[in-house]
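Structure at a glance
If you want the building blocks of each chain, they are given just below.
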Amino acid sequence: MADIEDPLKVDWCARALKLRKVEEALLSGEMMTEGRFGEDMMRYSTASLDQVQRALNEAIRNCQIARGEQPKPRRHAISGRFRPY
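Residues numbered from 1 in each chain as written. Predicted model: local features only at pLDDT ≥ 70, side-chain atom pairs only at ≥ 80, totals over all residues. Heavy atoms only, no water.

This part covers helix α1 (residues 12-28). Between its terminal C-alpha atoms α1 stretches 24 Å, which fits the 24 Å expected from 17 residues at 1.5 Å a residue. Among the residues of α1, Ala 16, Leu 19, Glu 23, Ala 25 and Leu 26 are the ones counted as buried. Against α2 (49-67) lie the buried residues of α1. Phi turns positive one or two residues past the end of α1, at Gly 29, with a value near 90°. (Helix = DSSP H or I, 4+ residues; strand = E, 2+ residues; numbered from the N terminus. Expected span 1.5 Å × (residues − 1). Buried < 20%, exposed > 50% of the residue type's maximum accessible area, 1.4 Å probe, protein only. Contact = heavy atoms within 4.5 Å.)

On to the packing of α1 against α2. Packed helix pairs are specified by the crossing angle of their axes together with the interaxial distance, meaning the distance between the axes. The N-to-C vectors of α1 and α2 enclose an angle of 155°; their axes lie 8 Å apart at closest approach. When the axis of α1 is compared with that of α2, the two are roughly antiparallel. Helix-helix and strand crossings are classified by hand; for α1 and α2 the assignment is left-handed. For the pair α1 and α2, contact is made by Trp 12, Cys 13, Arg 15, Ala 16, Leu 19, Arg 20, Val 22, Glu 23, Leu 26 and Leu 27 and by Leu 49, Val 52, Gln 53, Ala 55, Leu 56, Glu 58, Ala 59, Ile 60, Asn 62, Cys 63 and Arg 67, respectively. In terms of residue class, the contact of α1 with α2 is built from 14 nonpolar, 2 polar and 5 charged. (Axes fitted to C-alpha atoms, helices over the stretch in contact; angles between N-to-C directions. Parallel < 35°, antiparallel > 145°, perpendicular 65-115°, else oblique. Left-handed = near helix turned anticlockwise from the far one by under 90°. Nonpolar A, V, L, I, M, F, W, Y, C, P; charged D, E, K, R; others polar.)

Here it is as structure tokens:
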């Protein structure tokens, strides 16, 4: 019986590569988010740089997990400590 791939399975490494290109295009100014020509307007992208970077970090982390690597731990806030004086 042939193995049928899940159509909903995400290739996180390929997604990270695409998001990296989008991030570079946004940073360099190549990706125009809005263009106006007289009364006409075209919108090319609605994603902000922050949204792209968040998605990129998630894709990189999931790619590392898919490869069997251990991703570096996320940073968390330091908990407060009670100091009786």
